[in-house]
Every structure is written in structure tokens, then in C-alpha cells.
Amino acid sequence: MSDQARSQALIELNRRYTFFSWSVQSAVKPLAMVGAKGSYFWDADGKRYLDFSSQLMNVNTGHQHPKVVAAIREQAERLCYAYPGMATQPRGELGKLLADVTPGDLSKAFFTLGGADAVDNAIKLARLYTGRQKIVARYRSYHGATYGAISATGDPRRLPVEPGIPGIVRVFDPHCYRCVFGQEPASCHRECITHIEEVIRFEGPDRVAAVLFEGVTGSSGIFVPPNDYWPRLREMCDKYGILLISDEVMSGFGRTGEWFAVDNWQVVPDMMVVAKGLTSGHIPLGAVIVSQPIADHFEDRYLPLGLTYGAHTLACAAGVATIQAYREDGLIENAKHLGQTLGRSLEALKENHPSVGDVRYIGLFSVIELVKDKNTREPLAPWNAKPKELGVMADVLPALRERGLSTFVKWNWIFVVPPLCISEEELRTGLSIIDEVLEITDKEAQ
Ligand SMILES: Cc1ncc(COP(=O)(O)O)c(C=O)c1O
């Protein structure tokens, strides 16, 4: 069988017997991925791709990190699984490492299987701890696909499964390029912050359990908030006795050039939700990490939470090795350092291409927003575009893939979120491929 025939057979096998997420099944066009290393992966045809999205913005250490693979192998030989009522070495060790790397008094972890169930459990913990029900979340946000998490999500992925859980209140986002308050950064009074307090006042502050926001918004378009955003949220939450929860599932573990996005503004939330970079995708794992007062609260109270695979032994061993890899390989420093090169290169793309309306970036977390016209800012494909509405944007991903670059392209956005181990040369190679492909979108722009 030729490589191409083997690849097609593999895709068919997957297509026929398994569902693909967030898609009309007949329209999916997966690559048959068979191997990966560092910043690259390759398909069954033997074609190699530079991974500019770290798969789903999670393979932060790079693919097949040798220390993480070795830790999984060693743990698998010793003990694969212990039920969540057992104490194990990797679980205790990972809990302690998380207390070390998270800010302030965040000190005790409840382990889950991924991000969405970590968000669900954070919502439950906030309600149990405060005795209040409402959760304030944002429109341009994604928190996961379990029922609680998708209810807190503002992104249109929630719409087909509504109504969700009760008690979610949504507010607007710090989206300076398309400010709903009609402001420009120069004239702005931080309406994106002040209106949140107004909403909380109308909702009854003593009924609001938590404000749940992504550290830096990820798949809804990378919105880096103004510098005073998180500090003022912290003040507002303290004023009303509301818990502040930072969802760091995508923005955590070095992505923004700091361990966690909130570290960029020295803010300590009451709870942090993590997953993705926690094991860099090598094994599923998520966690909610809570502050000391919340941890203490459950010392003499029942904790009504649990999952068969919570604190999975293999996953915790992978987590320990992943945190060691961030430290030993200097990955977070690399993200901060190369983030500056990335920022400068993105600004140059904006300067040189009529179709690039905005670029947003922090560390190695970034997006290119494409428009028909820089003056009107009309997007090249509308928000929540259906396949027929994508226009030239539908040509972008195939053109990138053809040139050996894989990334996440959604509506009028091209994401640049490479593994934190990427070299400057690899980063420049990927950006030059994007530069070339933007000539296709430029043809549709003024
Ligand atoms: C910010 C954020 N929170 C939660 C989740 C859900 O994580 P998972 O897909 O592991 O359930 C995601 C996934 O993309 C995310 O980006």
C-alpha cells in the first residue's frame, strides 16, 4: 500500500467509526497524524508540519518531551492507577509543585480529567464556599464543553445546547479593536471594567458567587486586557466578597511568558483552573487550585466532588515531569523572550498587509485578525461564520498546510500559538509562511 493509500485508509477508519468535534461530519478533513517531536508533527504521507497552534494550544513543552515520556513509562511500570481515595507519590508531589508555581496562597488542588470538568468543579466550589449562586462570565469566552462549562462559555458553541445551567450572568470583554462601548484606547475610561460592577449591582452582589474569566482570552480571539483590568477586578471582587476565578487552561503554564496570565499583573485569584499545559497534552489532566481560606473551609466540611479518574496516577506523574521540564528547559523564559520577536513580526505583518486589521499578542499567545478594509474594520469573514460565509478565509488553512504549517484558523483569525520550545529560526520560518499566504487574503482587502 502506498503512503497516500495508507493515510486515506486511516482517515476513513476514523471518519466511519468516530465522531469529530464541532463539525458537520461529512465536512471534516483530518490529517492522519502518526508522529511528532518538538515543534513539528508529521502525517502518514510522511509530510512534516510546523505546529503553530501546539495542537489545541496545549503542547507547551513541545511534542514527545523526553522527560515526560520517560516519567509516564516509569510510572506505568510501577503503578498505573490508584482510586481517588488513595494517597500516591505523583499526586502529592504534583499538588505541592502546583502550590509552588501558582501565585500567592493558592495552595490546594482538586484534580480532574481536563479543563471543562475543572471549570464545573470550580463553579461548584464557589457556590459551596460562598452560599451564593450567580457566576459572572464573559461573552467572548470558552470554558469547556461539559454542561456547567459550556453554560459559562459565551462563545457560540454554547448556543445549540442551551439552556445551560442556571445562574450565569454575562458581561462584555476588553476587546479594544472592536470596543462595544465605542471607545478607542486613547479616549477610553475602562468601561469594560466599570460596567461589570454595574451588572453586579443590578444582579445583587450578595447573590454573586464568583467572577470567572480566562486569564487572557484564548480561542475566542486572544484579548490581552489593559494593565489595570485584573487588579481592578480583584478590588471589585474584594469589595463585594465575590470570588475571583482565573481560567488558565489555555493561558497558563508559560503561554504568556509568565507561569500564569494573571502573573503579568501580579494578581492572586481565589481559584485557578488549569489543564492543557499541565501535562502539555501528554496525558489528560486538569485541576482547580484554591486559596488557603477555601482549602481550610473544607477541613471540617464535606467536599461533595469526585471522579473515578481524578488525580490519575499516570497523569500526575506526567504533570510532575512537565513542571520540571518548564523549569529545567527555561521554556517560560523562552516564551517571554521570543514573544518580543513574535510581537515585532506581527506588527510588521500588520504594516505590510492590507488584510491585517489587528494583531494581538502576549508571550507566545497571539492572533492575526483579517479585515476587508482597515478603515471600516469589516471582518474578512463574520463572527460565527458558517462555512458558506468564509469566503477567502476558507483558502487560508489549505494554503498554510500545503506550505508545511499547521495552525488554528477560525472565522477571520489566524492563531500563532507555537510550543514554548520553539527556536527563533522555526518561529521566523512559520511567520514567513504566513506572510506569503496573506497575499491571498490581501486580494480581498482594500
Ligand atoms: C480557557 C479554557 N477553559 C477550558 C477549556 C476546556 O478544556 P478541555 O477541552 O480540556 O475540557 C478550554 C479548552 O480549550 C479553554 O480554552
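Residues numbered from 1 in each chain as written. Predicted model: local features only at pLDDT ≥ 70, side-chain atom pairs only at ≥ 80, totals over all residues.

**Q** Would you take a moment to explain the overall build of the protein for this structure?
**A** Along its length, the protein carries 13 helices and 15 strands. Taken against the 2.2 N^0.38 rule, which gives 22 Å for 446 residues, the C-alpha radius of gyration of the protein at 22 Å falls within 12% of a compact globule. Reported as C-alpha extents along the three principal axes, the dimensions of the protein are approximately 60 × 60 × 40 Å. In the protein, which comprises 446 residues, the share counted as buried stands at 48%. Once local pairs closer than 6 in sequence are excluded, the contacts in the protein between residues at least 24 apart make up 73%. (Helix = DSSP H or I, 4+ residues; strand = E, 2+ residues; numbered from the N terminus. Rg over C-alpha atoms; globule rule 2.2 N^0.38 Å. Buried ≥ 20, exposed ≤ 12 C-beta atoms within 10 Å, placed from the backbone. Contact = placed C-beta atoms within 7 Å.)

**Q** I'm lost on the domain arrangement of the protein in this one. Help?
**A** One frequently used descriptor of interface size is the decrease in accessible area upon assembly of the parts. Split into domains, the protein comes out as domain 1 (31–61 + 330–442) and domain 2 (66–328). Relative placement of domain 1 and domain 2: their C-alpha centres are 25 Å apart. Counting from both sides, the interface comprises 24 residues of domain 1 and, opposite them, 27 residues of domain 2. When contributions to the side of domain 1 that touches domain 2 are tallied by element, the ones reaching two or more residues are helix 2 (54–57), helix 11 (331–352), strand 11 (356–362) and strand 12 (365–370). Considering each element in turn, the side of domain 1 that touches domain 2 owes the most residues, five residues, to helix 11. In terms of residue class, the side of domain 1 that touches domain 2 is made up of 11 nonpolar, eight polar and five charged. (Domains from an automatic or database assignment. Nonpolar A, V, L, I, M, F, W, Y, C, P; charged D, E, K, R; others polar.)

**Q** Please explain the site of the ligand as it appears in this structure.
**A** Of all residues adjacent to the ligand, which total 14 residues, the nearest are Gly-114, Gly-115, Ala-116, Gly-144 and Val-249. In terms of residue count, the dominant contributor to the shell around the ligand is helix 5 (residues 115–130) (three residues). Split into classes, the residues belonging to the shell around the ligand amount to six nonpolar, six polar and two charged. (Near = placed C-beta within 6 Å.)

**Q** Explain the environment of Pro-293 to me, please; I cannot follow it from the model alone.
**A** Along the chain, the position of Pro-293 falls in helix 9 (residues 292–297). Since 11 C-beta atoms lie within 10 Å of it, Pro-293 is described here as exposed. Taking C-alpha positions, Pro-293 is 20 Å from Leu-94, a pair spaced 199 residues apart along the chain.

**Q** So what exactly am I meant to see when it comes to the pairing of strand 8 (residues 243–247) here?
**A** Side-chain direction in a regular strand flips from residue to residue, so the side chains alternate between the two faces of the sheet. Taken across its five residues, strand 8 has five buried, putting it largely inside the fold. Residues Leu-243, Ile-245 and Asp-247 of strand 8 are buried on one face, and the alternating residues Leu-244 and Ser-246, pointing to the opposite face, are buried as well. Where strand 7 (residues 208–214) and strand 8 come together, five bridges link them in parallel fashion. Across the sheet, Phe-213 pairs through a bridge with Ser-246, a residue of strand 8. With respect to chirality, the unit in which strand 7 leads through helix 8 (residues 229–240) into the neighbouring parallel strand 8 is right-handed. Sheet analysis places strand 8 next to strand 9 (residues 271–274), joined by three bridges and oriented parallel. Bridging from a neighbouring strand, Ser-246 pairs with Met-272 of strand 9. (Pairing = 2+ DSSP bridges. Right-handed = clockwise from strand over helix to strand, strands pointing away.)

**Q** Just to check I follow, could you spell out helix 4 (residues 89–101) for this structure?
**A** Side chains that are three or four residues apart share a direction in an α-helix, a result of its 3.6 residues per turn. Over its 13 residues, helix 4 extends 18 Å from the first C-alpha to the last, a length consistent with the 18 Å expected when each residue adds 1.5 Å. Residues of helix 4 that are buried sit in contact with helix 3 (66–78), strand 4 (106–112), strand 10 (286–291) and helix 10 (313–328). (Expected span 1.5 Å × (residues − 1).)

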